[in-house]
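Residue-level structural notes
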Amino acid sequence: MSTPSVDAHVRLDTHPAHPSAVTATLTGAQAHIAHVGLEAAGWHVAATNILVLARIDHEEPYWAEQAAQQLATLGITVKITPQLREAIDEEWTWANYPMPWCTRTEIRKVSDDAQKIHDDIRHGRLLIHAHAQDADTTVAVGTYLDTGKSVYLHGENHLRQIANAFDSPARALTAFEDMHADTMRPGPAPMTDTERDTADARTSPGTPTTEPEPPSTGAGTALTGTTGPSAHEALFDSFIEDNGEWEKYRTWSDNTSVANHESLTLRAEFDHEARGNDTAWTIASYQSPVGERTWHATATANTPTDMIKTLLDGLDTDTAWTERTSAPFADRTLNTVTGPLTEFGWTQTINGHYVNWPAPNGGTGLRLDVAAAVGATTARSGPAWTVWGGNTAQQPTWTIEFSRHTPAAVLQDLTYNLAITHSARTTRRQKAPHHGREALCAAAPAAPFPPAPGHPIPTR
């Protein structure tokens, strides 16, 4: 019996800016079928109908061929370009591989296991409590949130392995501290160069990555902050200087500085080397000094400094602290976050499971991924909320992304900043104090939108 034909076409090609990464361009009336299959296999959406496969083990050509074979069995037409076919057929091995007794198949299995650990950390399934430097490599301790199993990780990139397992985070942390007390640091280790390149490949849809131009300074579209490495450096230093409850320290890598709150439950990481769309800021909140991460946010290097300052200032407010253990998403959350935008005349648009609030005059906006916000599926690992600026929501110049448990008060500070900066109104009012949020949002409830299938949005 022949496989039924599907009106979907997939063109697989090498990534022009990242040597081992692979791009997939989808066309056809039923392209969504191929889209779902590739995304489930670890491909990342980089633009409309363009996905990227980027791995830390540089085995993308091999896994691209596996994906092509799987798509073909579904009746989907797949074209592999000559340059990708050449990469697939190339015989190669790691130089100075530390396990020379392994066959090529066994090496690929070790690398794939390391890739799965990397993905579990990136998607938030594996929470890293602490890391340390052990001779010339990195070690870490963390807990799988779905099973509760705690693990001791050894190595980096394609050589990272689970070296030991524990039945509780407390025992894992105690053992880790006994071995690495001198170099132990809270949270995950800074990204390696390989991890940075892989992350960059996932966000570039197939053109060489260049540092975008600063946003236009035309009326109604410019943010009041500045961009550029020096401006971000100065902001990080001034934040530490102005907030005595935060302490700065360098990691073992000179590229990264970390600010820890005195409670040891808030952490701000700044990458000094980030440029363009690289992640420059990572904010994380934890239930306790050794507890699970409650929410996190990331911001790219091109993000205007006034947006970063608003985010940092919002970390220590009473409302942000009290909301850290609240429900991840509810009508009240939606109204609180989007109230400033609605009051200034922003209207929402719906595109699939995305709800967008673009500025009336363009150039910036807020995006909500409903499926990610309500936890509709574990397959979707992207941010629940995205504040963006420049170009379009699909290909922005800068972004600040938030996980689904981010306190509404923290998000509202940013949406108010957007509203008063980009509003079409000529009269701007000063920012309201934190205790005035409820009155502001109650005056302008957000319009309803369809929840993800099978997951109604919680009511108050």
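None of the values given here were measured: they were computed from a predicted structure. Sequence order sets the numbering: in each chain, residues are counted from 1 along the sequence as written. Thresholds applied to this predicted model are a pLDDT of at least 70 for local features of residues and 80 or more for the giving and counting of side-chain atom pairs; totals over whole chains, interfaces and linings are not thresholded and use all residues. Think of the side-chain values as coming from all heavy atoms in the structure, minus any hydrogens and water.

1. Some words on the overall build of the protein chain
For the protein chain, the helix and strand inventory stands at 13 helices and 20 strands. Counting the 460 residues in the protein chain, one finds 49% classified as buried. Residues are treated as being in contact if the distance between any of their heavy atoms lies within 4.5 Å. Long-range pairs, those at least 24 residues apart, make up 57% of the contacts in the protein chain with a sequence separation of at least 6. Surface exposure here means Shrake-Rupley accessible area, sampled with a 1.4 Å probe, where a residue is shielded only by the protein chains that are shown. Looking at the protein chain as shown, the accessible area adds up to about 21,300 Å², and 53% of this sits on carbon and sulfur atoms. In DSSP terms, a helix is any run of H or I states spanning at least four residues, a strand is any run of E spanning at least two, and both are numbered starting from the N terminus. Burial classification: accessible surface area is computed with a 1.4 Å probe over protein chains only, and a residue below 20% of its type maximum counts as buried, one above 50% as exposed, and the rest as partly exposed.

2. Focus: helix α8 (residues 305-314)
Of all ten residues that make up α8, eight are buried, and the element is covered over most of its length. For α8, the complete set of buried residues consists of Thr-305, Asp-306, Met-307, Ile-308, Thr-310, Leu-311, Leu-312 and Gly-314.

3. Details of the nonpolar core
Nonpolar side chains tend toward joint burial in soluble globular proteins. Remark: nonpolar core denotes a set of buried residues (Ala, Val, Leu, Ile, Met, Phe, Trp, Tyr, Cys) joined through side-chain atoms within 4.5 Å. Counting 49 residues, the largest nonpolar core has Trp-281, Leu-312, Trp-385, Ile-400 and Phe-402 as its most contacted members. Per element, the largest residue contribution to this core is eight residues, and it comes from helix α12 (residues 408-422). Those residues within four positions of Trp-281 in sequence are excluded, and the remaining contacts are His-232, Leu-235, Phe-236, Glu-269, Phe-270, Ala-297, Thr-298, Ala-299, Ile-308 and Leu-312. Ala-8, Ala-34, Leu-53 and Ala-64 belong to the second largest nonpolar core, which has 20 residues in total.

4. What about the pairing of strand β15 (residues 293-300)?
Strand direction decides the pairing type here: strand β14 (residues 279-286) and β15, joined by seven bridges, are antiparallel. Along β15, the bridge assignment pairs Ile-283 with Ala-297. When DSSP finds two or more bridges between two strands, those strands count as paired. Once β14 ends, the chain turns through six residues before running back antiparallel as β15. Note: β15 against strand β20 (residues 396-402), three bridges, orientation antiparallel. Within the sheet, the bridge partner assigned to Ala-297 lies in β20 and is Phe-402.

5. Digging into the side chain of His-158
For His-158, the location among the structural elements is in the loop between β8 (150-154) and β9 (161-166). Taking the relative accessible area as the measure of exposure, His-158 reaches 13% and is therefore buried. The residues touching His-158, leaving out its near neighbours within four places in the chain, are Ile-56, Asp-57, Trp-94, Tyr-97, Val-110, Ser-111 and Ala-114.

6. As for the packing of aromatic side chains
Pairing of aromatic rings covers Phe, Tyr and the six-membered ring of Trp, with a centre-to-centre limit of 6.5 Å; geometry is then stacked below 30 degrees between planes, edge-to-face above 60, and tilted otherwise. Enumeration according to the criterion identifies seven aromatic pairs in this entry. Ring geometry for Tyr-62 and Trp-63: centres 5.0 Å apart, planes at 85 degrees, overall edge-to-face. Among the residues examined, Trp-63 registers a relative accessible area of 25% and is labelled partly exposed. When the centroid spacing of 5.6 Å and the interplanar angle of 20 degrees are considered together, the rings of Phe-236 and Phe-270 count as stacked. Of this pair, Phe-236 sits in helix α7 (residues 229-242) while Phe-270 sits in strand β13 (residues 266-271), and the two are 34 residues apart along the sequence.

7. Looking at unusual backbone geometry
A positive phi angle is found at Ala-135, which is not glycine, with a value near 60 degrees. The topology assignment puts Ala-135 in the loop between β6 (126-134) and β7 (137-144). A relative accessible area of 70% means that Ala-135 is categorised as exposed. Of note in this structure, Leu-264 is not a glycine but carries a positive phi near 65 degrees. Within the secondary structure, Leu-264 is located in the loop between β12 (256-261) and β13. On the basis of relative accessibility, which here comes to 48%, the residue Leu-264 falls in the partly exposed class.

8. Comments concerning the pairing of strand β17 (residues 354-358)
In terms of strand pairing, strand β16 (residues 349-351) meets β17 through three bridges, oriented antiparallel. Across the sheet, residue Ile-350 finds its bridge partner in β17, namely Val-355. Between β16 and β17, which follow one another and run antiparallel, lie two residues, and Gly-352 among them has a positive phi close to 65 degrees. Both β17 and strand β18 (residues 364-369) contribute to a ladder of five bridges, which runs antiparallel. Paired with Asn-356 across the bridge in β18 is Arg-367.

9. Some words on the layout of surface pockets
The computed volume of the second largest pocket comes to approximately 480 Å³. Along the walls of the second largest pocket sit 26 residues, with Ser-20, His-58, Pro-61, Ala-87 and Trp-92 positioned nearest its centre. Those elements giving two or more residues to the lining of the second largest pocket turn out to be α2 (60-73), α3 (82-89), α4 (104-122) and α6 (193-203). All residues other than Ala, Val, Leu, Ile, Met, Phe, Trp, Tyr, Cys, Pro, Asp, Glu, Lys and Arg, Gly among them, are scored as polar; the first ten of these are nonpolar and the last four charged. In terms of residue class, the lining of the second largest pocket is made up of nine nonpolar, seven polar and ten charged. Cavities and pockets were defined on a 1 Å grid built over protein atoms only: a cavity is a set of grid points that admits a 1.4 Å probe from which the probe cannot escape, a pocket is an open set flanked by protein on both sides within 12 Å along at least five of seven lines, and lining residues are those with an atom within 4 Å of any such point. Grid points are joined across faces, edges and corners, and a volume is the space filled by probe spheres set on the points.

10. So, the sheet that holds β7
Strands in a sheet are paired, the pairing made by backbone hydrogen bonds, and the direction either parallel or antiparallel. Within the open sheet, the five strands sit side by side as β9-β8-β7-β6-β10. Their pairing is antiparallel. Edge positions in the sheet fall to β9 and β10 (185-186), since each of these pairs with one other strand and no more. As paired elements, β6 and β10 share two bridges and run antiparallel to each other. Looking at β10, one finds that His-131 is bridged to Arg-185. Working convention: axes come from line fits to C-alpha atoms, limited for helices to the stretch in contact. Angles between N-to-C directions cover 0 to 180 degrees. Against the sheet, helix α5 (residues 169-180) engages β6, β7, β8 and β9, with an angle of about 10 degrees to β6.

11. Structural notes on the sheet that holds strand β4 (residues 50-53)
Read across the open sheet, the five strands follow the order β3-β4-β2-β1-β5; overall the sheet is mixed. Bordering the open sheet on either side are β3 (44-47) and β5 (77-80), each of which pairs with just one other strand. Between one strand axis and the next, the sheet turns through 30 degrees on average, direction left out of account. With four bridges connecting them, strand β2 (residues 22-27) and β4 associate as antiparallel partners.

12. Observations regarding the pattern of salt bridges
We count a salt bridge whenever a side-chain nitrogen from Lys or Arg sits within 4 Å of a carboxyl oxygen from Asp or Glu. The full count for this structure, using the stated rule, is 17 salt bridges. Residues Arg-104 and Glu-59 are paired through a salt bridge, measuring 2.6 Å at the closest nitrogen-oxygen approach. With a gap of 45 residues between them, Arg-104 in helix α4 and Glu-59 in the loop between β4 and α2 connect regions that are remote in the sequence. With relative accessibility at 2%, the residue Glu-59 sits in the buried group. In this structure, Asp-119 and Arg-122 form a salt bridge, with 3.7 Å as the shortest nitrogen-oxygen distance. In this pair, Asp-119 and Arg-122 both sit in helix α4, three residues apart, roughly one turn of the helix. A relative accessible area of 31% places Arg-122 in the partly exposed class. One continuous salt-bridge network, built from bridges that share partners, spans Arg-55, Asp-57, Asp-112 and Lys-116.

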